[in-house]
Amino acid sequence: MTVTDAPIDNGVNVAALIEARTALTEQPAAAEFKWRATSTWQRGTHSHAVVEGFSGLGGEQSHRRAFTFDLDHPEVFASEDNGATPVEYVLVALAGCLSAGVASVAQLREIQLRSVKATVEGDMDILGILGGDPEVRNGFQDIRVHFDIDADASPADIEALVAQSQKRSAVYDIITNPTNVTVRTN
Amino acid sequence: MRTEAVIIGAGHAGLAMSSRLTDRSIDHVVLERGGVANSWRTERWPGMRLLTPNWQTRLPGAAYHGPDPDGYQRAAEVADLLAGYAARIGAPVRAGTTVTALRARSPGYEVITDQGARHARAVVIATGACNRPALPDAAMDVPPPVKSLTPLSYSGPGQLPDGGVLVVGGSATGVQLADEIHRSGRPVTLAVGEQVRLPRVYRGRDIFWWLESAGILGQRYDQLADVARARHLPSPQLVGTPERRTLDLNTLRAIGVRIVGRLGRIGDGVAQFSGGLANLCALADLKMNRALDAFDAWAQDSGTDENLPRPHRFEPTHVEAQPVLTLNLARSQIRTVIWATGYRPDYSWLDIPVTGRNGLIRHDGGVVTAAPGLYLLGMPVLRRRASTYIHGAVPDTAELSDHLRGYLAGGQHPRARPVMPAQLSSG
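Residues numbered from 1 in each chain as written. Chains lettered and ligands numbered in written order. Predicted model: local features only at pLDDT ≥ 70, side-chain atom pairs only at ≥ 80, totals over all residues.

Engineer: Could you clarify how one ought to interpret the overall build of chain A in this entry?
Structural biologist: The helix and strand tally for chain A stands at four helices and five strands. For chain A, the succession of helices and strands along the chain, N to C, is α-β-β-β-α-β-β-α-α. The dimensions of chain A, computed from C-alpha atoms along their principal axes, are 60 × 40 × 30 Å. Looking at the 186 residues of chain A, the share that counts as buried comes to 17%. Put simply, 50% of the contacts in chain A that link residues at least 6 apart link residues at least 24 apart. (Helix = DSSP H or I, 4+ residues; strand = E, 2+ residues; numbered from the N terminus. Buried ≥ 20, exposed ≤ 12 C-beta atoms within 10 Å, placed from the backbone. Contact = placed C-beta atoms within 7 Å.)

What follows is the structure, given as structure tokens:
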């Protein structure tokens, strides 16, 4: 921790988060959130997805505007490359979730961040998704995240920051632990 | 039958409270479903020893005076110690008496037992935190003929079939069972999630000497930033042996135990483990190093530094580049699963609405505020971090018995006040 004149500001309102945690511990039903996305197939492997509404704090909520996404496969997959692949969205999600965690924990620990860059790489044997080898899984064999962080803190403190961000990351949990997924039709 | 107070449970906490009530001339009985120290005698495996050294095993009016202050007592020895203590203090124990229901009945409580009912104005629940195993959902999916055991049903490696064993849980129990079972010739896979790592000895002193001397064990529940988390921590990866050896994931790996991540689910005979093992090990190392930093700072500030070997740090926890994520139990020849996944208290007999969402009694440092006259003892971090260990009952019972006395005398129902240090001597 350094002594500076200006207060540490990474732009995270930790006071609000801590207040929310205290309030929700007393009202656990309000802590039940549902996140949603809807997608509409376009053509080939191209889909268009929209995220706008979600529910939580006892009612329906909405983002400030609808966020839209194109998902597709690249030309080497004999596709048209109208958007990033779904698995790349997962890597994006992991980077975003961990980075948000780094910023929040840094704010809480009064560490001023100057820059945070996350590079994510996932190994995949596509014989899995092509059905060419039953021993090969569809998903990633391995995912690696590399953080490049410039902050007012020692290397040890930065490592601790990154370790803590994984501990409280939703996407890290989703990827590393089993989750039930139920798919129904009509 | 009427008494002023009833204590439920003749373990270390119930007996310590009995000693305090007797000192304060408060008429009471101690109801115990078995014999004194029932859990120690009947619900612990033979090899189990305390994590805390003998010199730290204190009770009100009793301290260790034996020949091995740095040793660690076995469960059976603790049971003998408590039986001797109960006799010495003349604790009014009613053994073989099982409480089947506790309900409010003005002006106090009705305690229904299999030996009749009693009425008391105050009741102290000292039944302990470890009545039943806490099992994850996956425990229901262990495929026959794989055997499932918990620490409460485990009696030693000899009880197990030959072949591999999956130990679930990286707590003190988990690492101890993984160690003794692997050494018996049964290959162990240990699945670990959140864990607490500590060395047995640091700079020549037992880790519990550091925890007590540096003031960690004395930290109060109402001074902790996150008391719920502190109460939920698994026990540290330690064992009590004459050699005072360290037992952590590195030493287990060195003898051939396979370490995998937290068990997620078991489906179609396949166990799935988390891919987050490296992070949880890194967090445990960080937490240990923060504790050692605090110890070193205290040693320097208190001038204790000069008499001790120099500070140092331990090898980080080694984790394979790609730990196993799935295990087909049959194909891996795993014949037994041991669930070292923690315990839950059993409050099925408690007919008063004082438990929260997680089934635990809601309390303020042992005072059950929703039920005046009702008290709780012997839970992790009840009033201090030390409450998790036997000697924590010394200050806990001093303070709570004062509160109970005030309550019986018709006073207000304030929080139990901390007792001045001078009053905490074990003499």
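What follows picks up the thread again.
Engineer: How should the nonpolar core be read in this particular structure?
Structural biologist: Among soluble globular proteins, nonpolar side chains are generally buried collectively. Residue and element names in this part refer to chain B. Ranked by internal contacts, the top residues of the largest apolar core, which has 133 residues, are L82, V123, V124, V167, Y375 and L377. Counting residues per element, this core draws most heavily on helix α8 (residues 277-301), at eleven residues. Every residue in contact with V167, bar those within four places of it in the chain, is listed here: G174, L177, A178, I181, V188, L190, I338 and A340. (Core = buried A, V, L, I, M, F, W, Y, C linked by C-beta atoms within 7 Å.)

Engineer: Teacher, can you tell me more about the interface of chain B and chain A here?
Structural biologist: The parts lose accessible area when they come together, and the size of an interface is often stated as this lost area. Listed as interface residues are twelve residues of chain B and, on the opposing side, ten residues of chain A. Broken down by secondary-structure element, the contributors of at least two residues to the side of chain B that touches chain A are β14 (263-267) and α8 of chain B. The biggest single contributor to the side of chain B that touches chain A is α8 of chain B, with four residues. Split into classes, the residues belonging to the side of chain B that touches chain A amount to three nonpolar, seven polar and two charged. (Nonpolar A, V, L, I, M, F, W, Y, C, P; charged D, E, K, R; others polar.)

Engineer: It is not clear to me how the sheet that holds strand β9 (residues 164-168) of chain B should be interpreted in this structure. Could you clarify?
Structural biologist: Residues and elements named next belong to chain B. Taken together, five strands build an open sheet; the order of strands is β8-β17-β9-β10-β13 and the sheet is parallel. Each edge of the sheet is formed by a strand with only one pairing partner; in this case those strands are β8 (147-149) and β13 (258-260). For this sheet, the mean inter-axis angle between neighbouring strands, taken without regard to orientation, is 20°. Relative to β13, strand β10 (residues 188-191) is paired through three bridges, and the arrangement is parallel. (Pairing = 2+ DSSP bridges. Axes fitted to C-alpha atoms, helices over the stretch in contact; angles between N-to-C directions.)

Engineer: What exactly am I supposed to notice about the pairing of strand β6 (residues 116-125) of chain B here?
Structural biologist: Residues and elements named next belong to chain B. When strand β1 (residues 2-8) meets β6, the two strands line up parallel, connected through six bridges. When the bridges of β6 are listed, I8 appears paired with I125. Alignment of strand β5 (residues 108-113) against β6, held across five bridges, turns out to be antiparallel. Bridge pairing links Y109 to A120 in β6. Here β6 runs beside strand β19 (residues 374-376); their pairing, made up of three bridges, is parallel. Directly across from V123, in β19, lies its bridge partner L374.

Engineer: When you look at the pairing of β5 of chain B in this model, what are you seeing that I'm missing?
Structural biologist: Within a regular strand, the side chains alternate between the two sheet faces. Residues and elements named next belong to chain B. Sheet analysis places strand β4 (residues 99-105) next to β5, joined by six bridges and oriented antiparallel. Looking at the pairing, A101 lines up with I112 of β5. The turn joining β4 and β5, which pair antiparallel and follow one another in sequence, is formed by two residues. Here β5 hands over to β6 after two residues, the two strands then running antiparallel side by side.

Engineer: What's the story with the packing of helix α1 (residues 12-23) of chain B against helix α3 (residues 75-89) of chain B in this structure? I'm lost.
Structural biologist: When two helices pack together, their arrangement is captured by the angle between the axes and the distance separating the axes. Residues and elements named next belong to chain B. The contact between α1 and α3 brings their axes to 10 Å, and the two run at 15°. If you check the angle between α1 and α3, you find them roughly parallel. As α1 runs across α3, the sense of the crossing is left-handed. Of the residues in α3, those touching α1 at H12, L15, S18, S19 and T22 are L82, Y85, A86 and I89. When grouped by side-chain class, the residues that make up the contact of α1 with α3 number five nonpolar, four polar and no charged. (Parallel < 35°, antiparallel > 145°, perpendicular 65-115°, else oblique. Left-handed = near helix turned anticlockwise from the far one by under 90°.)

Engineer: Help me understand the confidence of the model for chain B in this model?
Structural biologist: Interpreting fine coordinate detail is not advised for predicted regions of low pLDDT. All names here are of chain B. Residue-level pLDDT values for chain B average 94, and 96% of them are 70 or greater. Confidence drops under pLDDT 50 across residues 422-427; counting only partners more than four residues distant or on other chains, this segment forms twelve contacts. Interface confidence in the predicted complex, given as ipTM, is 0.75; pTM for the same model is 0.88. (pLDDT = per-residue confidence, 0-100.)

Engineer: Any chance you could explain the environment of G96 of chain A here in plain terms?
Structural biologist: Along the chain, the position of G96 of chain A falls in helix α2 (residues 86-108). With 24 residues separating them in the primary sequence, G96 of chain A and V120 of chain A have C-alpha atoms 10 Å apart.

Engineer: Can you help me understand the domain arrangement of chain A in this one?
Structural biologist: Residue and element names in this part refer to chain A. Along its sequence, chain A is carved into domain 1 (27-84) and domain 2 (85-177). Here the C-alpha centre of domain 2 lies 20 Å away from the C-alpha centre of domain 1. Facing four residues of domain 1, the contacting portion of domain 2 comprises four residues. (Domains from an automatic or database assignment.)

Engineer: Whenever I open this one, the packing of α1 of chain B against helix α9 (residues 393-408) of chain B confuses me. Can you help?
Structural biologist: Residue and element names in this part refer to chain B. Relative orientation of the contacting elements α1 and α9 amounts to 45°, with a least axis distance of 9 Å. The pairing of α1 with α9 is recorded here as oblique in orientation. The crossing of α1 and α9 is right-handed. Facing α1, whose interface residues are H12, A13, A16, M17, R20 and L21, α9 presents A393, V394, T397, A398 and S401. Looking at the contact of α1 with α9 residue by residue, the class counts come to seven nonpolar, three polar and one charged.

Engineer: I tried to follow the environment of E60 of chain A on my own but got confused; where do I start?
Structural biologist: Residues and elements named next belong to chain A. Tracing the backbone through its elements, the reader meets E60 in strand β3 (residues 59-71). Separated by 20 residues in the primary sequence, E60 and T40 have C-alpha atoms spaced 22 Å apart. In this structure, E60 is in contact with G53 and S55, ignoring residues within four places of it in sequence.

Engineer: Quick question: what am I supposed to make of the domain arrangement of chain B here?
Structural biologist: Residue and element names in this part refer to chain B. Domain annotation for chain B reports domain 1 (2-131 + 345-424) and domain 2 (134-339). Here the C-alpha centroids of domain 1 and domain 2 sit 28 Å apart. Contact with domain 1, which involves 21 residues of that partner, is made by 24 residues of domain 2. A class-by-class count of the residues in the side of domain 1 that touches domain 2 yields ten nonpolar, five polar and six charged.

Engineer: What exactly am I supposed to notice about unusual backbone geometry here?
Structural biologist: Excluding glycine, residues mostly have negative phi values, and the peptide bonds linking residues are mostly trans. Residue and element names in this part refer to chain B. A cis amide bond links S106 to the next residue, P107, at an omega of 10°. On the secondary structure map, P107 appears in the loop between β4 and β5. In this structure, P145 follows P144 across a cis peptide bond, with omega equal to 5°. Notably, A37 is not glycine yet its phi reads approximately 60°, a positive angle. Of note, A37 is situated in the loop between β2 (28-31) and α2 (38-42). Judged by local crowding, A37 falls into the buried class, with 25 C-beta atoms found within 10 Å. Positive phi, close to 50°, is recorded for V381, a residue that is not glycine. Its location among the elements puts V381 in the loop between β19 and α9.

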